[in-house]
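# Residue-level structure breakdown
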Amino acid sequence: MKKNQVKNRLKGAMIAVIRSADFDTAKAVCKAVLDAGVDALEITFSVKDAPKLILELKNELPNAIIGAGTVLNQEQAKDALESGADFIVSPCIVPEVGEFCFTNNIFCSMGAATPTEAYEAYRLGCEVVKLFPGECISPKIIKACKAPMPFLEFMPTGGVDDTTIANWFNAGAYAVGLGGYLTKGIDKSNLSLIKQRVDRLKAAKGESV
């Protein structure tokens, strides 16, 4: 999927960040998350055989937006792209990842926690800057950064839950990444809990459940 298409589809999106160490559990969680109404998946490289999981899910769910996360070098970025990832996310600024994404026309989001880092991420080709760790940053940073740099877009990740999601979107977030709140304690025996959590997020965001 071309990066402009990905960017358009991610506007206002909730993106599930998948970190399960077990492959089969991660795949089951991914499918449950999408079934529950989350807009996109970020499968991190902390998942065993993450490129294989991305490939399998893209083959089974071709219309789903599925990206790779915790991408820390060009080799991982290449593996993600070859597996069909729609976007690539890094928790910090990794110039070689930004350059790879720019060269290959793939949507990129790199982590930042200050205005200087946010601009550097943008300069390296980020379509949307990942605000990370979100639990350590106030939503007010978005308005503060966009005042002098209105071209920046932000995706807070970390600490986003049903009590904070509305604050982030009201502050101008382009999208949000959902980690522990959505998947903590989840395995194949209690996947139904995901739908309950997603429904609470949607209600807090002002969407119909």
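In case you missed it, the structure is sitting above this.
All values reported here derive from a predicted model rather than from experimental measurement.

### Some details on the overall build of the protein chain
Counting its secondary structure elements, the protein chain contains ten helices and eight strands. Its C-alpha atoms give the protein chain a radius of gyration of 16 Å, near enough to 17 Å, the size a compact globule of 209 residues would have. Of all 209 residues assigned to the protein chain, the portion counted as buried reaches 50%. Here the contacts in the protein chain between residues at least 6 apart in sequence split such that 55% fall between residues at least 24 apart. Separation of charge centres in the protein chain, based on 24 positive and 24 negative side chains, amounts to 5 Å.

### Quick look at empty space enclosed by the protein
The full count for this structure, using the stated rule, is one cavity of 30 Å³ or more. The computed volume of the largest cavity comes to approximately 30 Å³. Every residue along the wall of the largest cavity is listed here: L10, I15, F107, V128, M155, Y174 and A175. Taken together, the residues of the lining of the largest cavity sort by class into seven nonpolar, no polar and no charged.

### Comments concerning the packing of aromatic side chains
For the coordinates displayed, the defined rule picks out four aromatic pairs. Here the aromatic rings of Y122 and F151 are separated by 4.7 Å at their centres, their planes lie at 35°, and the arrangement is tilted. In this pair, Y122 is assigned in helix α6 (residues 115-123) and F151 in the loop between α7 (140-146) and β7 (154-156), connecting sequence segments 29 residues apart. Since its relative accessible area comes to 37%, F151 is described here as partly exposed. Within the aromatic cluster, the residues linked to one another by ring pairs are Y119, Y122 and F151. One residue, K52, lies across the ring of F23, its end atom 5.0 Å from the ring centre.

### So, helix α1 (residues 3-10)
One turn of the α-helix equals 3.6 residues, which is why residues spaced by three or four share an orientation. Within the span of α1, buried status applies to K3, V6 and L10. Taken end-on, α1 shows its buried residues confined to a sector of 60°, consistent with a single buried face. Exposed side of α1, more than 90 degrees from the buried face: N4 and N8 are the residues found there. Residue G12 follows α1 closely and has a positive phi angle near 80°.

Parameters and conventions
- Residues numbered from 1 in each chain as written.
- Predicted model: local features only at pLDDT ≥ 70, side-chain atom pairs only at ≥ 80, totals over all residues.
- Heavy atoms only, no water.
- Helix = DSSP H or I, 4+ residues; strand = E, 2+ residues; numbered from the N terminus.
- Rg over C-alpha atoms; globule rule 2.2 N^0.38 Å.
- Buried < 20%, exposed > 50% of the residue type's maximum accessible area, 1.4 Å probe, protein only.
- Contact = heavy atoms within 4.5 Å.
- Lys, Arg positive; Asp, Glu negative; His and termini not counted.
- Charge placed at Lys NZ, Arg CZ, Asp CG, Glu CD.
- 1 Å grid on protein atoms, 1.4 Å probe; cavity = no way out; pocket = protein on both sides within 12 Å on 5 of 7 lines; lining within 4 Å.
- Points joined across faces, edges and corners; volume = space filled by probe spheres on them.
- Nonpolar A, V, L, I, M, F, W, Y, C, P; charged D, E, K, R; others polar.
- Phe/Tyr/Trp six-rings, centres within 6.5 Å; stacked < 30°, edge-to-face > 60°.
- Lys NZ or Arg CZ within 6 Å of the ring centre and 35° of its normal.
- Arc of directions from axis to C-beta.

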